[in-house]
Amino acid sequence: MQSDLLLELWTYANQALAAGQFAGAEIACREMLELEPRNAAALHLLGYIAAQLRERDAAIAYFQAALDIEPGNARIQENLEAARALPQPGTPHGQRYLLIKSWGFGFWADVVQVLGSLLLAEITGRIPTVHWGAESRFADTSGQDAFTRYFEPVSDVGLRQLVQIPNAIFVPPRWNAANLGESGISKWEGKGSRAGLVYFLNRPETIAVSDFHIGVINLMPWIPAHHPMHGKTLEEIYRTLVVKYLRPRREIVAACDAFFQAHLADRPFVAVHMRGSDKAVEDSELVETNRALMTELEAIDPSWAIFLMTEDAHCLARMKTAYGERIVATQCQRTDTEEGVHYLPTVDPVLAGREVMIDTYLALRANRFIGNARSNVSAMIAVMKDWAPGACITLGRSMLTERNLHIYQIPTFPKS
């Protein structure tokens, strides 16, 4: 029941707040407001969190919204007056930076983390740099930054320059110049672990490090009114960030061009993304979703080619049996087990990253797209292009719309 879920979220929010875990508490409040938009308790708690983060304008707005619902609440009124007395945050001195590390999961899940962190850098006035180290499932053992194997750098600053900054102060404090290139330093447990976006608001430290998931959906309520993305939709923000920051390496673009000219340029085509392997373990509705994908395909002109994106060898075989020569697919590493390709010890991780990128950018050239929104691949394809009405069909709730409260829910809350 909704009332039970509201109580569960409210209990969690208060426990998280008591433990200093503002990120989890904030997300729980937003989940409450999704269920009950005029929930004064959730708005009041968001106001308290904003005030603690020195986000004066946001705190006033949340307290006022709560007071409008409960006009006689003396405690909300008192907190509203206290928020009005807060000074506006000052402008930090000197250059500040945001080092964005890999989230450590699927390729486009990691890119989603990068895009969210890039938006965080913009709204906090930091110079971003991306470094995917050993925690990336798409890095090799050379120690080279894996992100720039796929994309051009997002700025002129790299890890080497960051470690040479004299007297730099780091946030979270588990990082320092000596370990900045390492991976997994107290990422899930310990001081400064599970550092969500609110951890980084109004921080004066020289170098901030983002290695935990930060989605655009989480950042949207904190985008200041003067920022050009304020008031934009989730899709608009993602498209803006993709155009601004994601520049595939020349050789990947060339590989896309070559495959397109050889296999797809001579006729219209629909791109279809069909998941299998480990997705079947995490998504109990995957079989039904794949059936629904094939049902959607029945509405496509049979003269069109079908560009199939799948990591699962069984899915590819079934689709070839069903659609014969209409199926076009790249030659890439696939699995015939319930283990994801990027988890297999025999897979070339850098090649796996290139393969998913090539498939994705080929799909963006399609006339139509049909995919599984429960996968970050499909979810990103849906927002990376301004598709014509009805040309992009994704089944299920988009991964990009989820705030991911579950990654903060732990039995014992470490102090931050």
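Just so we're clear, the structure is a prediction, and the values are computed from it rather than from any experiment.

A.B. asks: Any chance you could explain the overall build of the protein chain here in plain terms?
C.D. replies: The helix and strand inventory of the protein chain stands at 15 helices and 9 strands. The C-alpha atoms of the protein chain give 23 Å as radius of gyration, which agrees with the globular expectation for 416 residues (22 Å, within 12%). Judged by the C-alpha coordinates and their principal axes, the protein chain covers about 70 × 55 × 40 Å. Here the protein chain holds 416 residues, and 55% of them are scored as buried. Of the contacts formed within the protein chain by residues at least 6 apart in sequence, a portion of 68% connects residues at least 24 apart. When the accessible surface of the protein chain is split by element, carbon and sulfur atoms take 53% of a total near 18700 Å². Side-chain charges of the protein chain comprise 39 positive and 47 negative groups, with the mean position of each set lying 5 Å from the other.

A.B. asks: Help me out: how do you make sense of a nonpolar patch on the surface in this one?
C.D. replies: Residues F105, W188 and Y343 make up a contiguous nonpolar surface patch of about 250 Å² in total accessible area. Tracing the backbone through its elements, the reader meets F105 in the loop between β1 (97–100) and α6 (107–124). Residue classification places F105 among the partly exposed positions, given a relative accessible area of 32%.

A.B. asks: I keep staring at empty space enclosed by the protein and nothing clicks. Help me out?
C.D. replies: Over the atoms rolls a probe the size of a water molecule, and its path tells where empty space is left. Tallied over the full model, the rule gives 2 cavities of 30 Å³ or more. In this structure, the largest cavity is lined by A23, E26, I27, G196, L197, V198, H213, I214, N218 and Y408. Broken down by element, the residue count for the lining of the largest cavity peaks at 3 residues, all from helix α2 (residues 22–35). Among the residues making up the lining of the largest cavity, the classes are represented as 6 nonpolar, 3 polar and 1 charged. Size it by volume and the second largest cavity reaches roughly 40 Å³. For the second largest cavity, the full set of lining residues is K101, S102, E135, S183, G184, K187 and D211. Residue classes in the lining of the second largest cavity are distributed as no nonpolar, 3 polar and 4 charged.

A.B. asks: Can you walk me through helix α13 (residues 313–323) in this structure?
C.D. replies: For an α-helix, the turn length of 3.6 residues means that residues three or four places apart are oriented alike. Listed in full, the buried residues belonging to α13 are C315, L316, M319 and Y323. The buried residues of α13 all sit within an arc of 100° when viewed along its axis, so they share a single face. For α13, the elements touching its buried residues are α12 (286–297), β6 (305–309) and β7 (327–328). For α13, the N-terminal cap is D312; the gap from its side-chain oxygen to the backbone nitrogen of H314 is 2.7 Å. Following α13 by one or two positions, G324 adopts a phi angle in the positive range, close to 55°.

A.B. asks: Is there a simple way to explain the environment of A271 in this structure?
C.D. replies: With respect to the secondary-structure elements, A271 resides in strand β5 (residues 269–273). You can call A271 buried: its relative accessible area is 0%. Residues A271 and F22, spaced 249 residues apart in sequence, show a C-alpha to C-alpha distance of 41 Å. Beyond its immediate sequence surroundings of up to four residues, A271 is in contact with F307, A363, A366, R368, F369 and I370.

A.B. asks: Please clarify how the layout of surface pockets should be interpreted in this entry.
C.D. replies: Its volume calculated, the largest pocket comes out at about 1100 Å³. Of all the secondary-structure elements, those providing two or more residues to the lining of the largest pocket are α6, α8 (216–219), α11 (279–282), α14 (349–363) and α15 (376–384). Its residues placed into classes, the lining of the largest pocket shows 20 nonpolar, 14 polar and 11 charged. Put simply, the second largest pocket is a space of about 810 Å³. Elements with a minimum of two residues in the lining of the second largest pocket: α4 (56–69) and α6.

A.B. asks: Got a minute to help me understand helix α10 (residues 250–263) in this structure?
C.D. replies: Taking 1.5 Å per residue as the helical rise, α10 with its 14 residues ought to reach 20 Å, and the 20 Å between its terminal C-alpha atoms agrees with that figure. What α10 keeps buried is the set I252, C256, F259 and F260. The arc that holds every buried residue of α10, seen down its axis, measures 100°, which confines them to one face. Counted as exposed and oriented over 90 degrees from the buried face of α10: R250, Q261 and A262. Turning to α10, the residues buried within the fold contact β5, β6, β7 and α14.

A.B. asks: Looking at this structure, how should I read the environment of S155?
C.D. replies: You can see S155 is positioned in the loop between β2 (127–130) and α7 (159–163). When the C-alpha positions of S155 and R174 are compared, they lie 24 Å apart, and in sequence the two are 19 residues distant. Beyond its immediate sequence surroundings of up to four residues, S155 is in contact with I127, P128 and T129. At 2.5 Å, the side chain of S155 forms a polar contact with the backbone oxygen of P128.

A.B. asks: Looking at this structure, how should I read the packing of aromatic side chains?
C.D. replies: In this description, a pair of aromatic rings is defined by centroid distance and the angle of the planes. Counted by the stated rule, this structure contains 20 aromatic pairs. Relative to Y150, the ring of F107 has its centre 5.1 Å away and its plane inclined at 85°; by these criteria the two rings are edge-to-face. Of this pair, F107 sits in helix α6 while Y150 is found in the loop between β2 and α7, placing the two residues 43 residues apart along the sequence. Here F107 and Y150 have matching classes, each one buried. With a centroid separation of 6.2 Å and 25° between ring planes, the pair formed by F369 and W387 is classed as stacked. With a gap of 18 residues between them, F369 in strand β8 (residues 368–372) and W387 in the loop between α15 and β9 (392–395) connect regions that are remote in the sequence. Each of the two residues, F369 as well as W387, counts as buried. The rings of F107, W108, W132, F138, F147, Y150, F151 and Y361 are connected pair by pair, giving a single aromatic cluster.

Rules and cut-offs
- Residues numbered from 1 in each chain as written.
- Predicted model: local features only at pLDDT ≥ 70, side-chain atom pairs only at ≥ 80, totals over all residues.
- Heavy atoms only, no water.
- Helix = DSSP H or I, 4+ residues; strand = E, 2+ residues; numbered from the N terminus.
- Rg over C-alpha atoms; globule rule 2.2 N^0.38 Å.
- Buried < 20%, exposed > 50% of the residue type's maximum accessible area, 1.4 Å probe, protein only.
- Contact = heavy atoms within 4.5 Å.
- Areas by Shrake-Rupley, 256 points an atom, 1.4 Å probe, with all protein chains shown as cover.
- Lys, Arg positive; Asp, Glu negative; His and termini not counted.
- Charge placed at Lys NZ, Arg CZ, Asp CG, Glu CD.
- Patch = residues over 30% accessible without salt bridge, like charges linked within 9 Å, V, L, I, M, F, W, Y side chains within 5 Å.
- Salt bridge = Lys/Arg side-chain N within 4 Å of Asp/Glu carboxyl O.
- 1 Å grid on protein atoms, 1.4 Å probe; cavity = no way out; pocket = protein on both sides within 12 Å on 5 of 7 lines; lining within 4 Å.
- Points joined across faces, edges and corners; volume = space filled by probe spheres on them.
- Nonpolar A, V, L, I, M, F, W, Y, C, P; charged D, E, K, R; others polar.
- Arc of directions from axis to C-beta.
- Polar contact = N/O pair within 3.5 Å; in protein donor to acceptor, adjacent residues only side chain to side chain.
- Expected span 1.5 Å × (residues − 1).
- Phe/Tyr/Trp six-rings, centres within 6.5 Å; stacked < 30°, edge-to-face > 60°.

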